[in-house]
Amino acid sequence: MSDAALPSAGPPARRAKPRGSLIGQVFEGLCFGAATLLLASLGGIIVSLLIGGWPAISKFGIGFLFSSTWNPVTDVYGAAGPIVGTLITAALALIMALPIAGGVAFFLTELCPAPLRRPIGTAVELLAGIPSIVYGMWGLFVFAPLFARWIQLPLMAAAKPGSILEALTTGIPNGSGILPASIILAIMILPFMAATLRELLLTVPAAVRESAYGLGATTAEVVLSVTLPYVRQGAIGAVMLGLGRALGETMAVTFIIGNSHAFPKSLFDSGSTIASTIANEFTEATSPIHTAALISLGLVLFLITFVVLGLARLMLRQQGAKL
Amino acid sequence: MSAAKLARRRIGDVVFKVFCWGVTGLALIALAAILWSLLVQGFGGLNLDVFTMSTPAAGSRGGLANAIVGSLLMCVLAMALALTVGILAGTWLAEYGGRSKYGAVVRFLNDVLLSAPSILVGLFVYELLVAPFHGFSGFAGAVALALLAVPVITRTAEDVLLLQSATLREAGVALGAPFSYVVRQIIWRSARGGLLTGALLAFARISGETAPLLFTALNNQFFNKPWFDLRQQTANLPVVIFNGALSAYDDLRRLAWAGALLIAATVLAVTIVARIVAQEQKRS
């Protein structure tokens, strides 16, 4: 570069700072501060949950996680019921939503007639943004009565005494419980997962897909052995994002899960999730230790979702997907 | 290739296609059913009272006016806070420190925050602003909503700023403008549309959030006095819907449906506008 040719003038004379350089520094500082504030808020969530939950954590110790007693009258709290409820509903929702979301995404990228492609794709993306309380209300007022009438009653009638089916379907056929809550959750995360998977599949280069078709592969083979493996890591990330939403979802579940803190005994039995328990009881908590127990529940939920979401983001990052 | 294998592949393909068509149909039917009952029940509960009167006690006349105003106030305040922090943080990631280790950490945790359960944000703000001051307030509600909006705005801001071409920055700097001036006057300006899209998406995200408001803004049967004072408990649509839906009274439930319709319609409208803005941006 030409810099080397410049005559060096000893130690450089102190140059006057250009006008506005202070503004520049202040601006950069502000931007840095904003980014740090973001970090601080995440740290703040952990710290505040720890502080708020400490009375319960120190009183019940590690047993808090494994005891299923939740009794505001005697002030004895154990989180096992809600924790198990959270994991079961999220897992069931994922099992139901995943094949359907995959099917929708494959349909939209490979099978859909061209004129319908954009409208259906847009509709799916828009539905992903509908507030979850709408899904919850629909579940409570429309889905639950239908579910009780057409699914619960016939299944319970068909179950032979002593059979596995009977064990799975005991409960009160009022349309609320673990399975209905999982179904509503599945419907709620479905558009989100379908839209994310579709977006991922669209990133597969056309040449890759076309060469697979050119070799004579059927549509099923192209999707299952070429395009899906191509975005494998991102797809796992997308699924885990959906799982994260299902784990932390409050409103879609609270209405319909039945809110009992015991271990759910069957698919139709009522249960609770961490989020539904907090939503239902927090403002009506009867004692400081009750509030603290609810906040410790929040801490447990935070740790679970943080791991799931963190892994999801790492996988999406490696896929290079911007979602 | 044997004929049997070919036949098996064909059958597999047909099964796959039927499955995809089937589940897409199923999904669309389920989602259409939700929208349908929202429209029917929501319009059934909608009348002039909804927009002019405050939350009723069960059995008397009333509407959602106080909740609509409360929700709007909180969302606007939340957006003002979130836009300030979000755009600055996005700018830092895109223009200043995004390539550093610290930048990578901020970006990663922002992505986690983006999908963190909203109820935890509610608990955090409860501990931060409600418990110490011994009172639920609309202000705390707005802060909770802002916390949910910031990651969305930061993310979109970083993405759209990085899309602006490097020559634009170089041209500005070559003309002798300080870099911060280039960022504010040239880069932000040319990324206007993208920043607007991010803001709209964030607004759509927070306008239906219920869980964090349950322990921050709580609720209020009436308008605040004066109506814009967010230092008191403040009525808001999501919590009114939540309480109404769980109540045993038909009129409160009807009101809840009307509120749900209002929220869903707002979210859909804002999202559609955001998409249109993004399209325009892409075209120009």
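Residues numbered from 1 in each chain as written. Chains lettered and ligands numbered in written order. Predicted model: local features only at pLDDT ≥ 70, side-chain atom pairs only at ≥ 80, totals over all residues.

### Quick word on the overall build of chain A
Across its full length, chain A carries 12 helices and two strands. In terms of overall dimensions, chain A is more spread out than a globule: its C-alpha atoms have a radius of gyration of 26 Å, far above the 20 Å expected for 323 residues. Over its C-alpha atoms, taken along the principal directions, chain A stretches across nearly 100 × 65 × 30 Å. Buried positions account for 47% of the 323 residues belonging to chain A. The long-range share in chain A, meaning contacts at least 24 apart out of those at least 6 apart in sequence, stands at 76%. (Helix = DSSP H or I, 4+ residues; strand = E, 2+ residues; numbered from the N terminus. Rg over C-alpha atoms; globule rule 2.2 N^0.38 Å. Buried ≥ 20, exposed ≤ 12 C-beta atoms within 10 Å, placed from the backbone. Contact = placed C-beta atoms within 7 Å.)

### Some details on the overall build of chain B
When helices and strands are tallied, chain B shows 12 helices and zero strands. Its helices and strands taken in sequence order, chain B reads α-α-α-α-α-α-α-α-α-α-α-α from the N to the C terminus. The globule rule puts the C-alpha radius of gyration for 284 residues at 19 Å, and the 24 Å found for chain B is more than 25% above it. For chain B, the share of sequence-separated contacts (at least 6 apart) that also reach a separation of at least 24 residues comes to 76%.

### Looking at helix 3 (residues 114-127) of chain A
For helix 3 of chain A, built from 14 residues, the straight-helix expectation of 20 Å at 1.5 Å per residue is met to within 8% by its first-to-last C-alpha distance of 21 Å. Among the residues of helix 3 of chain A, those classed as buried are G121, V124 and L127 of chain A. Buried positions in helix 3 of chain A, seen along its axis, are confined to an arc of 130° and lie on one side of it. Counted as exposed and oriented over 90 degrees from the buried face of helix 3 of chain A: P115, R118 and P119 of chain A. Looking at the buried positions of helix 3 of chain A, the neighbouring elements they touch are helix 2 (80-111) and helix 6 (178-201) of chain A together with helix 1 (3-45) of chain B. (Expected span 1.5 Å × (residues − 1). Arc of directions from axis to C-beta.)

### Focus: the confidence of the model for chain B
Low-pLDDT stretches of the model should not have their predicted coordinates read in fine detail. Residues and elements named next belong to chain B. Taken over all residues, the pLDDT of chain B has a mean of 90, while the share at 70 or more is 99%. Across chain B, the element-wise mean pLDDT spans from 85 in helix 2 (residues 48-52) up to 94 in helix 3 (residues 65-96). For this predicted complex, the interface score ipTM comes out at 0.89, alongside a pTM of 0.89. (pLDDT = per-residue confidence, 0-100.)

### Considering the packing of helix 7 (residues 206-214) of chain A against helix 8 (residues 219-230) of chain A
Residues and elements named next belong to chain A. Where helix 7 contacts helix 8, the two axes come as close as 10 Å, and the packing angle between them is 160°. By the angle between their directions, the pair helix 7 and helix 8 is classed as roughly antiparallel. As helix 7 packs across helix 8, the resulting crossing turns out to be right-handed. Counting all contacts with helix 7, which are made through V208, R209, A212 and Y213, the residues of helix 8 involved are V222, V226, T227 and Y230. Among the residues forming the contact of helix 7 with helix 8, the class breakdown is six nonpolar, one polar and one charged. (Axes fitted to C-alpha atoms, helices over the stretch in contact; angles between N-to-C directions. Parallel < 35°, antiparallel > 145°, perpendicular 65-115°, else oblique. Left-handed = near helix turned anticlockwise from the far one by under 90°. Nonpolar A, V, L, I, M, F, W, Y, C, P; charged D, E, K, R; others polar.)

### Observations regarding the nonpolar core
The nonpolar side chains of a soluble globular protein tend to be buried with one another. Membership of the largest hydrophobic core comes to 187 residues, with the highest contact counts inside it found for A149 and A260 of chain B. Sorting elements by how many residues they give to this core places helix 6 of chain A first, with 18 residues. Those residues in contact with A260 of chain B that lie beyond four places of it in its chain are I133, V134 and M137 of chain A together with L38, G42 and I241 of chain B. (Core = buried A, V, L, I, M, F, W, Y, C linked by C-beta atoms within 7 Å.)

### A word on the interface of chain B and chain A
Residue-level contacts link 67 residues of chain B with 70 residues of chain A. The greatest single-element share of the side of chain B that touches chain A, amounting to 17 residues, is contributed by helix 1 of chain B. For the side of chain B that touches chain A, the per-class residue count stands at 49 nonpolar, 12 polar and six charged.

### Details of the environment of V23 of chain B
Checked against the element boundaries, V23 of chain B lands in helix 1. With 20 C-beta atoms packed within 10 Å, V23 of chain B lands in the buried category. The contact partners of V23 of chain B, leaving out residues within four places of it in the chain, are P99, I100, G103 and V104 of chain A.

### Observations concerning unusual backbone geometry
All names here are of chain A. Backbone geometry at D75 places phi at a positive 60°, although glycine is not the residue there. Within the fold, D75 resides in the loop between strand 1 (70-71) and strand 2 (76-77). A tally of 14 C-beta atoms within 10 Å means that D75 is categorised as partly exposed. Of note in the backbone geometry, N259 takes a positive phi value of approximately 55° without being a glycine. Residue position: N259 is located in the loop between helix 10 (251-254) and helix 11 (274-281).

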